[in-house]
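Descriptive structure summary
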Amino acid sequence: MISPFQKAGDHYIRRLVARVTSMGRVARLKRQFGEIEQRSLELPRAYRDQLAELIGRECDNVAAAPDPSLYGAQTENGVTTNGLDVGFERARSDNVQVRMRGIALWIALVYRETRDATAPEFQELHRGILRVMRELKVFSSRVEGGNQA
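Let me sum up the structure you'll find in this document. A quick note: this is a predicted structure, and the numbers were derived from the prediction, not measured. (Residues numbered from 1 in each chain as written. Predicted model: local features only at pLDDT ≥ 70, side-chain atom pairs only at ≥ 80, totals over all residues. Heavy atoms only, no water.)

**Notes on the side chain of Ser40**
Here Ser40 lies in helix H1 (residues 4-41). Ignoring any residue separated from it by four or fewer positions in sequence, one finds Ser40 in contact with Arg48, Leu51, Ile103, Val132 and Leu136. (Helix = DSSP H or I, 4+ residues; strand = E, 2+ residues; numbered from the N terminus. Contact = heavy atoms within 4.5 Å.)

**Remarks on the environment of Val138**
Following the sequence through the fold, Val138 ends up in the segment after helix H5 (120-135). On the basis of relative accessible area, Val138 is assigned to the buried category, the value being 3%. Those residues in contact with Val138, other than ones at most four positions away along the chain, are Ala52, Ile55, Gly56 and Met133. (Buried < 20%, exposed > 50% of the residue type's maximum accessible area, 1.4 Å probe, protein only.)

**Overview of the packing of helix H3 (residues 83-91) against helix H4 (residues 96-114)**
Axis separation between H3 and H4 bottoms out at 7 Å; the angle between their running directions is 145°. In this structure, H3 meets H4 at a crossing whose hand is left-handed. Taking contact as the criterion, the partners of Gly83, Leu84, Val86, Gly87, Phe88, Arg90 and Ala91 in H3 are, on H4, Val98, Arg99, Gly102, Ile103, Leu105, Trp106, Leu109, Val110 and Glu113. Looking at the contact of H3 with H4, its residues break down into 10 nonpolar, three polar and three charged. (Axes fitted to C-alpha atoms, helices over the stretch in contact; angles between N-to-C directions. Left-handed = near helix turned anticlockwise from the far one by under 90°. Nonpolar A, V, L, I, M, F, W, Y, C, P; charged D, E, K, R; others polar.)

Shape is all these values report; function is a separate question.
Next comes the structure, spelled out in structure tokens:
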């Protein structure tokens, strides 16, 4: 027999675990965002324009994906890596084209994940993503045009 107090305690523990998990996720994304932002804004102007186009295309692709949370995931040797990790790893590449594709993938996925966020930490991260997109001028044709990625 389960008492009402145990049910309330179970609910509290579930909420606590969810909150701690969420805090860990946002901390990781913020740390990665710092590096993504630096790598994107240090690109020469010609590459930044190309990066803006790539981000716009990735936003469109994520929006059109049947399951956006699985977009960009790769399976290699039986191990599946999610799209955020793939994008972040590519963003660290020495090859400029690979780096830009990784940055675009990472930004598109985090934009999608944080756009309807209610937690202040995720809203702050979303504002950071929007700022970088605005600096790269991604908004001109994609988001402001009514396409919600």
